[in-house]
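Given next are the chains, with one letter for each unit.
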Amino acid sequence: MNPEEAKAVLGQLKDHGRVRRWFGLGARAEELFDTFGKIKELSDWCSEFGKLAERFENNADGTGDKSVKVANCLSATVYYHIGLLGTFEDNDVRKQAYRSVVRVYDKARNHFRIPAERVEYRFGGLSFSAYFRQAPGVTKPPCVILLRGLDAAKEVELHTISTFLLEKGLSTFAIDTAGQGEARFQGLKLLPDVSESIGAAVDYLETRREIDTSRLAIVGQSFAGYIAIRAAAQDKRFKACVSLGSFYSLEDFEIIHMLKHNCMLNMKVSEAEWPETRKLFSLDGVIEHLTCPFFAINGSEDVVIPPSQTVKMYDRAPGPKDLKIYDGAPHCVYYDNKSVLFHIGDWLSAKLERS
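Residues numbered from 1 in each chain as written. Predicted model: local features only at pLDDT ≥ 70, side-chain atom pairs only at ≥ 80, totals over all residues. Heavy atoms only, no water.

Q: Give a detailed account of the packing of aromatic side chains, specifying residues and quantitative values.
A: This structure, assessed with the given rule, holds 25 aromatic pairs. Between Phe123 and Phe128, the ring centres sit 6.0 Å apart and the planes meet at 75°, which makes this aromatic pair edge-to-face. Residues Phe247 and Phe253 carry aromatic rings whose centres are separated by 6.4 Å and whose planes lie at 50° to one another, so their mutual orientation is tilted. With relative accessibility at 0%, the residue Phe247 sits in the buried group. (Phe/Tyr/Trp six-rings, centres within 6.5 Å; stacked < 30°, edge-to-face > 60°. Buried < 20%, exposed > 50% of the residue type's maximum accessible area, 1.4 Å probe, protein only.)

Q: Tell me about the pattern of salt bridges, and name the residues and values.
A: One side chain can pair with another of opposite charge once the charged atoms of both are near each other. For the structure on display, the rule yields 31 salt bridges. Note that Glu48 is salt-bridged to Lys51, the shortest N-O span being 3.3 Å. In this pair, Glu48 and Lys51 are both assigned in helix H4 (residues 45–61), three residues apart and thus about one turn of the helix distant. Here Glu48 falls in the buried class, since its relative accessible area comes to 15%. Note that Asp90 is salt-bridged to Lys268, the shortest N-O span being 3.5 Å. Residue Asp90 is located in the loop between helix H5 (66–84) and helix H6 (92–108), and its partner Lys268 is located in the loop between helix H11 (257–267) and helix H12 (274–279); the two are separated by 178 residues in the primary sequence. Look at Lys268 and you get partly exposed, because its relative accessible area is 36%. The structure contains a network of salt bridges with shared partners spanning Glu57, Asp61, Arg103 and Lys107. (Salt bridge = Lys/Arg side-chain N within 4 Å of Asp/Glu carboxyl O. Helix = DSSP H or I, 4+ residues; strand = E, 2+ residues; numbered from the N terminus.)

Q: Now, about the packing of H5 against H6: what can you tell me, with residues and values included?
A: A pair of packed helices is characterised by two quantities: the angle between their axes and the separation of those axes. In the contact formed by H5 and H6, the axes pass within 9 Å of each other and the chain directions differ by 165°. One finds that H5 runs roughly antiparallel with respect to H6. For the pair H5 and H6, the sense of crossing is left-handed. On H6, the residues that touch Lys69, Val70, Cys73, Leu74, Ala76, Thr77, Tyr80, His81 and Leu84 of H5 are Arg94, Ala97, Tyr98, Ser100, Val101, Arg103, Val104, Tyr105, Lys107 and Ala108. For the contact of H5 with H6, the per-class residue count stands at twelve nonpolar, three polar and four charged. (Axes fitted to C-alpha atoms, helices over the stretch in contact; angles between N-to-C directions. Parallel < 35°, antiparallel > 145°, perpendicular 65-115°, else oblique. Left-handed = near helix turned anticlockwise from the far one by under 90°. Contact = heavy atoms within 4.5 Å. Nonpolar A, V, L, I, M, F, W, Y, C, P; charged D, E, K, R; others polar.)

Written out as structure tokens, the structure is:
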């Protein structure tokens, strides 16, 4: 990344739309803007947010009160996560920040009101980690696989989505796909179709007797909304699919610096390879095979992925299908308006109701 691009990315990290996202994830204004004031170059981003995260992690380690520990751990997780978003290489800085997110979440997950069980399954010769959470008080509930976007985290964004869906009686399974998390650090890259890696997660779920594996759904946020559609179009074990804030084709819209560099990082491609690579990420010839109920959602003020992309995927899907564009909402909507997650939960519950 050249100096001009680094300056542009730093501006995008601090802009109004991103700040709305940070607030939606649990960042607090005073802490956020105080840290912004210490960041003069993009290279400062990860270290300054790391210092803020360490403060909360130390507070968590210093208390025996489970509620206080969870609150501090979740804040630390958010700030470590925000910190890694300013690094666009799979270097030691990014790996350490990512592993800090996982480490701190691990300190808290068994103390949640609804615990998150860390499980592992195999794909491509590698071990994939995921978090299973069982809906309380429900016998054999449906289960929803949750997919994160390129710069999201299972421990942050998917934790938030999971918590709301659990309240609707839906168990959740938050996973990485090929090219995300440790799998990327170990060599797997994000390809136009990573459905086989998601199929391995479904295979694992079929061993869990406490859920109804005849009622599985998939929800993808941001880039993963595209991934979710591809998976559901091919794997008929999915009985419902939700795409939140995603795209039909990467070639259809002007891509901001941050999204472009996150794509290149996850896809492991160079600047020279990018123009041809982006053409491969399209739902042409795929979405026509989507037969389960489909829900396409976005905010009208999405500046990362235009809402017109959401409308296009809705128009091309064969149905049954539903569309919701939230007026005035940003990318993925729920950063501003958590009610969308209850709306998704209600929609999924209706589509996954026992026949």
